[in-house]
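# Architecture and fold: a report
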Amino acid sequence: MDVRKALIEQYGYAPEDIIFEVRGKRIYAYKSCGIEEKGHEGVYFGKIESDGIRLTIEGAFIIGPKATKNVIEVDDERARRWMRGEDIEVPEEGNRWVILKWRNFWLGGGKLVNGVVKNYVPKERRLNV
């Protein structure tokens, strides 16, 4: 899969200075520093799904600020519910991967399915707010 092409198609933006490495279905992202390193490189950026790329919280922070498509802004209550691991209702229709934004923060990626964004925040990263 051409990750950069898929990101542009899905979110309207893909950074040129980031190296994307696909391992299985997981995508890792990093910048080259010119030092040869053995072992795990990059941050877990997202996952290749059958219909697009599902971004992690870190992936949303990288793509979100310059994304021109599929960004949904949420209010305080929806942001709280999202970070607790709940699916949230939004005034959007369709069936696509989206980035959630709250104020100046990027909350991660989810799947919009007819007005509901399905939550993918891992249990260990959920908040009790």
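Higher on the page you've got the structure.
### Considering the packing of aromatic side chains
A complete count under the given rule lists four aromatic pairs for this structure. Taking the ring centre of Y28 as reference, the NZ or CZ of R23 above it sits at 4.1 Å. Directly above the aromatic system of Y44 lies the positively charged group of R26, at a separation of 4.1 Å from the ring centroid.

### Examining the nonpolar core
The nonpolar side chains of soluble globular proteins are, as a tendency, buried together. Membership of the largest hydrophobic core comes to 20 residues, with the highest contact counts inside it found for L7, Y11, F20, F45, L55, I63 and I99. Elements supplying a minimum of two residues to this core: α1 (3-11), β2 (26-30), β3 (43-49), β4 (52-55), α2 (57-63) and β7 (95-102). The biggest single contributor to this core is α1, with four residues. L7 has contacts with G12, Y13, A14, F20, F45, I53, L55 and I63, leaving out every residue within four places of it along the chain. Among the nonpolar cores identified, the runner-up in size contains 14 residues, and I57, M83, L107 and V121 belong to it.

Definitions and limits used
- Residues numbered from 1 in each chain as written.
- Predicted model: local features only at pLDDT ≥ 70, side-chain atom pairs only at ≥ 80, totals over all residues.
- Heavy atoms only, no water.
- Phe/Tyr/Trp six-rings, centres within 6.5 Å; stacked < 30°, edge-to-face > 60°.
- Lys NZ or Arg CZ within 6 Å of the ring centre and 35° of its normal.
- Core = buried A, V, L, I, M, F, W, Y, C linked by side-chain atoms within 4.5 Å.
- Buried < 20%, exposed > 50% of the residue type's maximum accessible area, 1.4 Å probe, protein only.
- Helix = DSSP H or I, 4+ residues; strand = E, 2+ residues; numbered from the N terminus.
- Contact = heavy atoms within 4.5 Å.

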